[in-house]
Amino acid sequence: MTAALECAMQEARIELLQRMPIFGGIRTEILQFLLALCPLVSAPTGEFFFREHDEGDAMFVLEVGKAAVLKSWRGQDHLLQILNEGDCFGEMAVMDHCPRSASIQAVEDCIAIRISAANLYEVYAQDLKQFALIQMNMGREVCRRLREANSRLFGARMEKRVVDIGQVFLAS
């Protein structure tokens, strides 16, 4: 690869990260430092980045392709969401050091930036304020997703309640 092409790809990755809520407000030189530490991983169509209940120590930023978020129920995987270029996944395991809460499977050939907890620790050692901002942004993103999940759960419960009340009236 030519130096010009590598430089253009690096700039595109930095722009990708800067558009994400998790890296909002992070200085370019810190993102350059972080990206120098982080490998790119590829997942061909059908391959899993990780499976539910796997141990996890890294998050991923989807650079190319689409991936499915799958949750297992009674031995079957169920689609929760489709991830697109610029979406991140796996950050909960970086924050809470617990097993993966869902599986991520490539729907198309994918390339992702793998950002480990150790990579983020290197940012901590380099610039504590920028590290703290990343952590706060990750917390905000997880909170946003929790609010969305709560809203969906509430909506599902209310719909079930309406169906149950309707059945009571039909039975009368």
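Our structure's up above, just so we're on the same page.
Since this is a predicted model, take the numbers as computed values, not measurements.

Colleague: Explain the layout of surface pockets here, please?
Modeller: Empty pockets left among the atoms are what a rolling probe the size of a water molecule brings to light. There is about 910 Å³ of room inside the largest pocket. Lining the largest pocket are 31 residues, and of these Val69, Gln81, Met92, Ser101 and Arg145 sit closest to its centre. Only strand S4 (67-73), strand S5 (76-83), strand S6 (88-89), helix H3 (91-96) and helix H5 (128-171) provide two or more residues apiece to the lining of the largest pocket. Residue contributions to the lining of the largest pocket peak at eight residues, all from H5. Residue classes in the lining of the largest pocket are distributed as 17 nonpolar, four polar and ten charged.

Colleague: How do you make sense of the pattern of salt bridges when you look at a structure like this?
Modeller: If charged atoms from side chains of opposite charge come close, those side chains can pair. Under the criterion given, the structure shown has ten salt bridges. The residue Glu63 makes a salt bridge to Arg13 at a minimum N-O spacing of 2.9 Å. In this pair, Glu63 is assigned in strand S3 (residues 58-64) and Arg13 in helix H1 (residues 3-18), connecting sequence segments 50 residues apart. For the pair Glu63 and Arg13, one class covers both residues: buried. Between Glu148 and Arg144 there is a salt bridge, with the nearest N and O atoms lying 3.4 Å from each other. Remark: Arg144 and Glu148 occur in helix H5; sequence separation between them is four residues, near one turn of the helix. Take Glu148: its relative accessible area is 40%, and that puts it in the partly exposed class. Residue classification places Arg144 among the partly exposed residues on the basis of a relative accessible area of 41%. Here the salt bridges do not stand alone but share partners, grouping Glu91, Glu141, Arg144, Arg145, Glu148 and Arg152 into one network.

Colleague: Sorry, what's going on with H1 here?
Modeller: End to end, H1 covers 22 Å across 16 residues, agreeing with the expected 22 Å (1.5 Å per residue, within 8%). By the burial criterion, the buried members of H1 are Arg13, Ile14, Leu16 and Leu17. Along the axis of H1, the buried positions cluster into a sector of 160°, meaning they face one direction only. Turning to H1, the residues buried within the fold contact helix H2 (28-37), strand S1 (40-43), S3 and strand S8 (110-116).

Colleague: I tried to follow unusual backbone geometry on my own but got confused; where do I start?
Modeller: Apart from glycine, the bulk of residues carry a negative phi angle, and the bulk of peptide bonds sit in the trans form. One non-glycine residue, His53, lies in positive phi territory at about 80°. With respect to the helices, strands and loops of the structure, His53 is situated in the loop between strand S2 (48-50) and S3. Of note in this structure, Arg74 is not a glycine but carries a positive phi near 50°. Mapping Arg74 onto the fold places it in the loop between S4 and S5.

What counts as what
Residues numbered from 1 in each chain as written. Predicted model: local features only at pLDDT ≥ 70, side-chain atom pairs only at ≥ 80, totals over all residues. Heavy atoms only, no water. 1 Å grid on protein atoms, 1.4 Å probe; cavity = no way out; pocket = protein on both sides within 12 Å on 5 of 7 lines; lining within 4 Å. Points joined across faces, edges and corners; volume = space filled by probe spheres on them. Helix = DSSP H or I, 4+ residues; strand = E, 2+ residues; numbered from the N terminus. Nonpolar A, V, L, I, M, F, W, Y, C, P; charged D, E, K, R; others polar. Salt bridge = Lys/Arg side-chain N within 4 Å of Asp/Glu carboxyl O. Buried < 20%, exposed > 50% of the residue type's maximum accessible area, 1.4 Å probe, protein only. Expected span 1.5 Å × (residues − 1). Arc of directions from axis to C-beta. Contact = heavy atoms within 4.5 Å.

Read these as spatial facts, not as claims about activity.
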